[in-house]
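Coordinates in review
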Amino acid sequence: MNKVSELFERSGAALHGHFVLTSGLHSDMYMQCAKLFEHGDITEELAAMAAEKVKPYGADVVVAPAVGAIIFGYALGKALGIPNMFAEREKDGKFALRRGFELKKGSKVIIAENVVTTGGSVKEVIDLVRELGSDVVAVAEVVDRSGGKVDFGVPNESLLTVDIKTYAPDACPMCKAGTPAVKPGSKGLK
């Protein structure tokens, strides 16, 4: 078991059961980074590990999709000694920079994410950053649940790559067995 897996298990952030992921897919495992990030020492350790991986890309700002990656984005920016900000969804469902956040044209950006399954949110934030005239130089995430299959068109640095089986809702064996699903993410149940 590697260090990041150990931190997930020790902090109770590796959940086992029947879950609906942000992507809408179902899984029998959920990586609840919020449980990791409630521990400042673990957050700092993960951010330092990620900073070592992305430092060579020469970024000058970190952008994270809200809400789940805000803490990791902050910690990564702090570890790199560069500013951080987060993108939020507007009422139309699209990501935007709000709260006075602005990217200077030509900024070199690292996108920080907690967990990637399909990469949908990261891809949307990459599009936003590019629309604002800045360059995404890399993506850094705590967990890549795609098993390394997700492609952002830029370097992708993950602290933990796992291939956890996911299911479309109509093909989910847990649903077919009648096991209730829980959506533990930021938009789900508590």
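Position labels on residues start from 1 in each chain and follow its written sequence. Only residues with pLDDT of at least 70 are given local features in this predicted model, and only at 80 or more are side-chain atom pairs given and counted; all residues enter the totals for whole chains, interfaces and linings. To get the side-chain values, all heavy atoms of the structure are used, and hydrogens and water are removed first.

Before going further, it helps to spend a moment on the sheet that holds strand 8 (residues 156–161). Pairing between sheet strands relies on hydrogen bonds along the backbone, with the strands arranged either parallel or antiparallel. Criterion used throughout: strands pair if DSSP finds at least two bridges between them. Each helix corresponds to a stretch of at least 4 residues labelled H or I by DSSP, and each strand to a stretch of at least 2 residues labelled E; elements are numbered beginning at the N terminus. Spatially, six strands are ordered 5-4-3-6-7-8 in an open sheet, and the strand pairing comes out mixed. With one partner strand each, in any of the chains shown, strand 5 (95–97) and strand 8 form the two edges of the open sheet. Neighbour-to-neighbour, the strand axes of this sheet turn through a mean angle of 25°, independent of strand direction. Contacts between residues were defined by any pair of non-hydrogen atoms, one from each residue, lying within 4.5 Å. Note on definitions: angles span 0 to 180 degrees between N-to-C directions of axes, and those axes are lines fitted to C-alpha atoms, for helices only across the stretch in contact. Sheet strands touched by helix 4 (residues 70–80): strand 3 (61–65), strand 4 (84–89), strand 6 (108–116) and strand 7 (135–144). Its angle to strand 3, the strand with the most contacts, is close to 170°.

In this section: the pattern of salt bridges. Here, a salt bridge means any Lys or Arg side-chain nitrogen found within 4 Å of an Asp or Glu carboxyl oxygen. Tallying each qualifying case throughout the model produces eight salt bridges. The shortest N-O distance in the salt bridge between lysine 35 and glutamate 38 comes to 3.1 Å. Exposure classes here rest on a 1.4 Å probe applied to the protein chains alone. A residue is buried below 20% of its type maximum, exposed above 50%, and partly exposed in between. When its relative accessible area of 32% is taken as the criterion, lysine 35 is described as partly exposed. The partner of arginine 99 in a salt bridge is glutamate 88, and the shortest N-O contact between them spans 2.7 Å. Of the two residues, arginine 99 sits in the loop between strand 5 and strand 6 while glutamate 88 sits in strand 4, which places them eleven residues apart along the sequence.

Within the secondary structure layout, aspartate 60 lies in the loop between helix 3 (40–54) and strand 3. When the C-alpha atoms of aspartate 60 and valine 109 are compared, they prove to be 6.3 Å apart, with 49 residues separating the residues in sequence. Once you skip the residues sitting within four places of it in the chain, aspartate 60 turns out to touch Ile82, Pro83, Ser107 and Lys108.

Between helix 1 (residues 3–11) and helix 3, the least distance of the axes is 12 Å, while the angle of their chain directions is 160°. Between helix 1 and helix 3, the angle falls in the class roughly antiparallel. Considering the relative orientation of helix 1 and helix 3, their crossing is left-handed. Between helix 1 and helix 3, the contacting residues are Lys3, Val4, Leu7, Arg10 and Ser11 on the first element and Ile42, Glu45, Leu46 and Met49 on the second. Just so you know the grouping, Ala, Val, Leu, Ile, Met, Phe, Trp, Tyr, Cys and Pro go in nonpolar, Asp, Glu, Lys and Arg go in charged, and all remaining residues, Gly too, go in polar. Tallied by class, residues from the contact of helix 1 with helix 3 come to five nonpolar, one polar and three charged. Small angles under 35 degrees read as roughly parallel and large ones over 145 as roughly antiparallel, with 65 to 115 read as roughly perpendicular and the rest as oblique. Definitions for this section: a left-handed crossing has its near helix turned counterclockwise from the far helix by less than a right angle. A right-handed crossing has that turn clockwise.

Time to look at the pairing of strand 1 (residues 14–20). Relative to strand 2 (residues 26–31), strand 1 is paired through five bridges, and the arrangement is antiparallel. Each bridged residue has a counterpart across the sheet, and for alanine 14 the counterpart in strand 2 is methionine 31. Hairpin connection of strand 1 to strand 2: five residues between the antiparallel strands, including glycine 24 at a positive phi of 95°.

Turning next to the nonpolar core. As used in this record, nonpolar core signifies buried Ala, Val, Leu, Ile, Met, Phe, Trp, Tyr and Cys residues forming a set joined through side-chain atoms within 4.5 Å. Ranked by internal contacts, the top residues of the largest apolar core, which has 35 residues, are Phe8, Leu36, Leu46, Leu76, Ile110 and Val142. Those residues in contact with phenylalanine 8 that sit more than four places away from it in its chain are Ala13, Ala14, Met31, Gln32, Cys33, Leu36, Val142, Val143 and Leu160. Ranked by size, the runner-up nonpolar core spans 20 residues in total, among them Val63, Leu103, Val109 and Phe152.

Next up on the list: the pairing of strand 3. Most of strand 3 is tucked away: five of the five residues are buried. Along strand 3, one buried face is formed by Val61, Val63 and Pro65 and the opposite face, lined by Val62 and Ala64, is buried too. Of the pairings in the sheet, the one linking strand 3 to strand 6 comprises three bridges and is parallel in character. What sits directly across from valine 61, in strand 6, is valine 109. In this structure, strand 3 lies alongside strand 4, joined through four bridges in parallel fashion. Bridging across to strand 4, valine 62 finds its partner in asparagine 84. Call a crossover right-handed when, viewed with both strands pointing away from you, the route from the first strand across the helix to the second goes clockwise. Running through helix 4, the crossover from strand 3 to the neighbouring parallel element strand 4 is right-handed.

That's the geometry; what it means functionally is another story.
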